[in-house]
Protein chains: 2
Amino acid sequence: MMPTLFLIPTVLAPETAFSVLSPQVRDVISRTDVFFAENLRTTRRFISELKTGRKIEDLTFFELHKDTPVADTRRQIAELKQSGRDAGVISEAGCPGIADPGAVAARLAHEAGMQVAPLSGPSSILLTLMGSGFNGQSFAFSGYLPIDRNERATAIRQLEKKALSGQTQVFMETPYRNNALLEDLVNVCQPTTLLCIGSQLTAPDEFVSTQRIAQWRNSRPDLHKKPTIFALGTF
Amino acid sequence: MMPTLFLIPTVLAPETAFSVLSPQVRDVISRTDVFFAENLRTTRRFISELKTGRKIEDLTFFELHKDTPVADTRRQIAELKQSGRDAGVISEAGCPGIADPGAVAARLAHEAGMQVAPLSGPSSILLTLMGSGFNGQSFAFSGYLPIDRNERATAIRQLEKKALSGQTQVFMETPYRNNALLEDLVNVCQPTTLLCIGSQLTAPDEFVSTQRIAQWRNSRPDLHKKPTIFALGTF
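Residues numbered from 1 in each chain as written. Chains lettered and ligands numbered in written order. Predicted model: local features only at pLDDT ≥ 70, side-chain atom pairs only at ≥ 80, totals over all residues. Heavy atoms only, no water.

## Here's the deal with the sheet that holds strand 8 (residues 194–199) of chain B
The strand order 9(A)-8(A)-10(A)-7(A)-6(A)-6(B)-7(B)-10(B)-8(B)-9(B) describes an open sheet built from 10 strands, whose pairing is mixed. Lying at the two open borders of the sheet, with one neighbouring strand each, are strand 9 (207–212) of chain A together with strand 9 (207–212) of chain B. Each adjacent strand pair in this sheet contributes to an overall mean axis angle of 15°, direction not counted. In this sheet, strand 6 (residues 139–144) of chain B lies alongside strand 6 (residues 139–144) of chain A in antiparallel orientation, the contact comprising 3 bridges. Bridge pairing links Ala140 of chain A to Ala140 of chain B in strand 6 of chain B. (Pairing = 2+ DSSP bridges. Helix = DSSP H or I, 4+ residues; strand = E, 2+ residues; numbered from the N terminus. Axes fitted to C-alpha atoms, helices over the stretch in contact; angles between N-to-C directions.)

## Structural notes on the relation of the copies chain A and chain B
Its rotation angle being 180°, the transformation that places chain A on chain B also includes 0.0 Å of axial translation and leaves an RMSD of 0.0 Å. This pairing of chains is accounted for by a two-fold axis. The overlap is high: 100% of the interface residues of chain A also sit at the interface in chain B, so the same surface is used on both sides. (Least-squares fit on C-alpha atoms with pLDDT ≥ 70 in both. Contact = heavy atoms within 4.5 Å.)

## A closer look at the interface of chain A and chain B
At the junction of the two partners, chain A supplies 51 residues and chain B supplies 51 residues. Both faces combined, the contact of chain A with chain B buries some 4,000 Å², and carbon together with sulfur accounts for 60% of it. When the buried surface of chain A facing chain B is broken down by residue, His110, Met130 and Gln137 of chain A rank first, second and third, together holding 17% of it. There are 0 salt bridges connecting chain A and chain B. At the boundary of chain A with chain B, the tally comes to 12 residue pairs in polar contact (both at pLDDT 80 or more). Of all the secondary-structure elements, those providing two or more residues to the side of chain A that touches chain B are helix 1 (17–20), helix 2 (23–30), helix 5 (102–112), strand 5 (115–118), helix 6 (124–132), strand 6 and strand 9 of chain A. (Buried area = accessible area lost by both parts, 1.4 Å probe. Salt bridge = Lys/Arg side-chain N within 4 Å of Asp/Glu carboxyl O. Polar contact = N/O pair within 3.5 Å; in protein donor to acceptor, adjacent residues only side chain to side chain.)

## Concerning the nonpolar core
Grouped together as the largest cluster of nonpolar side chains are 68 residues, with contacts concentrated most on Leu5, Phe36 and Ile98 of chain A together with Leu5, Phe36 and Ile98 of chain B. Among residues more than four places away in sequence, those in contact with Ile98 of chain B are Leu126, Leu129, Met130, Gly136 and Phe139 of chain A together with Ile125 of chain B. (Core = buried A, V, L, I, M, F, W, Y, C linked by side-chain atoms within 4.5 Å. Buried < 20%, exposed > 50% of the residue type's maximum accessible area, 1.4 Å probe, protein only.)

## A short note on the confidence of the model for chain A
Summarising the model, chain A shows a mean pLDDT of 94, and 100% of its residues fall at 70 or more. Averaged pLDDT values over the elements of chain A bottom out at 91 in helix 1 of chain A and peak at 98 in strand 8 (residues 194–199) of chain A. (pLDDT = per-residue confidence, 0-100.)

## Re empty space enclosed by the protein
Evaluation of the coordinates by the stated rule reveals 1 cavity of 30 Å³ or more. There is about 40 Å³ of room inside the largest cavity. Surrounding the largest cavity, Val20, Ser22, Ser120 and Gly121 of chain A together with Val20, Leu21, Ser22, Ser120 and Gly121 of chain B form its lining. Among the residues making up the lining of the largest cavity, the classes are represented as 3 nonpolar, 6 polar and no charged. (1 Å grid on protein atoms, 1.4 Å probe; cavity = no way out; pocket = protein on both sides within 12 Å on 5 of 7 lines; lining within 4 Å. Points joined across faces, edges and corners; volume = space filled by probe spheres on them. Nonpolar A, V, L, I, M, F, W, Y, C, P; charged D, E, K, R; others polar.)

## With respect to the packing of aromatic side chains
The description of an aromatic ring pair rests on the distance of the ring centres and on the angle between the ring planes. Residue and element names in this part refer to chain A. By the definition in use, this model includes 10 aromatic pairs over all chains. Their ring planes at 45° and their centres at 5.4 Å tell us that Phe36 and Phe62 sit as a pair that is tilted. Of this pair, Phe36 sits in strand 2 (residues 34–37) while Phe62 sits in strand 3 (residues 60–63), placing them 26 residues apart in sequence. An identical accessibility class is assigned to Phe36 and Phe62; each is buried. The ring of Phe61 has Arg44 sitting right over it, with the charged end atom 5.0 Å from the ring centre. (Phe/Tyr/Trp six-rings, centres within 6.5 Å; stacked < 30°, edge-to-face > 60°. Lys NZ or Arg CZ within 6 Å of the ring centre and 35° of its normal.)

And the structure:
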């Protein structure tokens, strides 16, 4: 049988594995021996916390982060293919392959002729889009905006224009710069433009709120160091 | 306490609820009395199948499909807000609010000042993107392509161009036209362009495969009436 590379979602917030992850995630982890991990320490801890009965020391872990040489991962995938062994990819938060190094493993698995099986799980991008009330028939995710103040203002204006023309625009920021991005958004966008903020998703203090820029100007939430997704769109 | 509108994912494939949905989905359904449903019959059956112990006849269902007058949903949301009752939104497949009428309920809930809580679950768009190996840092979903042959060819060329410039392009077709779309894709795109096909996701016969157009020309899968997502991208 062709070996499978499972793309395995993890949690977005601590202590949510048993409520937010599907039984399939635990099941696949309990019968997989090899894992590509963005961070070895947190991945080992995540697998331990699932209490599948497997011993961590019996598992093989390969690092797969942004600095991992592609040649290393290619060789590891080739060996898995050869020996017929399944493997899993686990990233730092949410779904591997979405804005993270997991995509490299999926790509190399396709090139090597391994089967690729993505598992459902929490994605802060998708959760914010669902909760926004915006058009979900046409949307774009742009990752991080430029850091330079002027370039960022230009990027925000372009996103606002696309959002107003009907394509929902989803983007994010490094958590410690969230408040600065919100400041820029309320300053650059028109007062009537709709902004959705999805923050601390799946955590007890999560919130998803869509309001006009004029309303956000009056009451800005503190997003400092809180994982947050932003979306501009129309109703 | 502020009442909450839960956006509740359902399954993509039959008989997968117990493996693919998170415990949270069942938990929220077991303590919610009011549901907005895209299809009353399938939603009632879905809730029954979860065996939460709740009696279907004790629940209130509001239709929310593409022909539902917005004024009806607005009135229902206002009454829920007033009476402090939670409600759930359940669409036909996957995540409500992504390319379906659930977005209207989320929008009206924000306008009425209800809390909005999206729950994690299967999304064929996200699963295909995860499994594609393509850039997940920049992507766009465009829904359905034009039906007219010439307009569709033009749309495909535009998507290919955007994909080659680095933004992964995700789109879909009505299942009975999947083979015709694949035919158009292999005819219109360049031989070296990468196409990912994600079909029957979460079902026993699911597959996610990324190959160059030249390879797809040689062996086209039969996608007729099978729920499928297409993506163009680069490695």
